[in-house]
Amino acid sequence: MRIAGLNRLTLLDYPEKVAATVFIEGCNLRCPFCHNASLAQGGVEEIPEEEVLCFLEKRRGVLDGVCVSGGEPLLQTDLAGFLVRIKALSYSVKLDTNGCFPERLKDIVSSKLVDYVAMDIKSAPNAYEDAVGVPGFDAAPVLESVSFLLSSEVDYEFRTTVARGLHTEALLIVAARAIRGAKRYYLQQFVDSGDLIGKGLSPFPEAEMRALLAAVRPYVEQAALRGI
């Protein structure tokens, strides 16, 4: 496993859990709003897998869960083995994914290696090319992952990081229609971390974020804002 970071304690990354977050290096996308370009593009000093598992062993009874984030964790062919070892420590596991690898997602979920999936919805399907920074990007695998989660028994959420200069109300409405009836949908306010892939983006003011939320709620009743 190419582990590039470990947040030893978080109350934010895993809903209703006291958790640690493991960051996996590398991503197949180049989203301009990505707030951790160095992690997505590689070159970060790696943390040995055994070091992470040793930490998790010591924190049993203190932590409730482990969030496996990225980058894109499903890029790693040995992810399942890593999750098996985490589950053996009796942790609840949350997986963050961009949805580009539906077959791998299905395998992980069907093997009961994750308890919660948080999947990014980058934009409307017809606008993914700009949102992910990949010319000619085909959103079909993403939509396959959406369909799977909507019908799956695993708990999940969808989320969109919203940035002025990339998203509009019209695009977000189309994105919400693609996940119509989802359990949860979060509009996350863009934050410039100083380690971005793209340029020229800015956050929407709170009032506009609330207007965007109102625009998507007819399609996902349990929609909410994050970062406001």
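Everything that follows concerns the structure shown earlier in this document.
Remember, it's a predicted structure, so these values are computed and weren't measured experimentally. (Residues numbered from 1 in each chain as written. Predicted model: local features only at pLDDT ≥ 70, side-chain atom pairs only at ≥ 80, totals over all residues. Heavy atoms only, no water.)

Caption draft 1: A look at the pairing of strand E5 (residues 116–120). By the criterion of burial, E5 is predominantly enclosed, with five of the five residues buried. Both faces of E5 are covered, namely the face carrying Tyr116, Ala118 and Asp120 and the face carrying Val117 and Met119. Bridge analysis of strand E4 (residues 92–97) against E5 gives four bridges, and the strand direction is parallel. For Thr97, the partnering residue across the bridge sits in E5 and is Met119. When E5 meets strand E6 (residues 155–162), the two strands line up parallel, connected through five bridges. (Buried < 20%, exposed > 50% of the residue type's maximum accessible area, 1.4 Å probe, protein only. Helix = DSSP H or I, 4+ residues; strand = E, 2+ residues; numbered from the N terminus. Pairing = 2+ DSSP bridges.)

Caption draft 2: How the structure looks around helix H7 (residues 169–178). Listed in full, the buried residues belonging to H7 are Leu172, Ile173, Ala175 and Ala176. Projection of H7 onto a plane perpendicular to its axis shows the buried side chains occupying an angular sector of 160°, all on one side. Those residues of H7 that are buried lie in contact with E6, strand E7 (185–189) and helix H8 (206–216). (Arc of directions from axis to C-beta. Contact = heavy atoms within 4.5 Å.)

Caption draft 3: Region of interest: the packing of helix H2 (residues 49–58) against helix H3 (residues 79–87). Remark: H2 packs on H3, axes separated minimally by 10 Å, with the N-to-C direction vectors making an angle of 20°. Looking at the two axes, H2 sits roughly parallel to H3. Taken as a pair, H2 and H3 cross one another with a handedness that is right-handed. In contact with Glu49, Glu50, Val52, Leu53 and Leu56 of H2, H3 contributes Phe82, Arg85 and Ile86. Tallied by class, the residues present in the contact of H2 with H3 amount to five nonpolar, no polar and three charged. (Axes fitted to C-alpha atoms, helices over the stretch in contact; angles between N-to-C directions. Parallel < 35°, antiparallel > 145°, perpendicular 65-115°, else oblique. Left-handed = near helix turned anticlockwise from the far one by under 90°. Nonpolar A, V, L, I, M, F, W, Y, C, P; charged D, E, K, R; others polar.)

Function-wise, these values are silent; they only describe arrangement.
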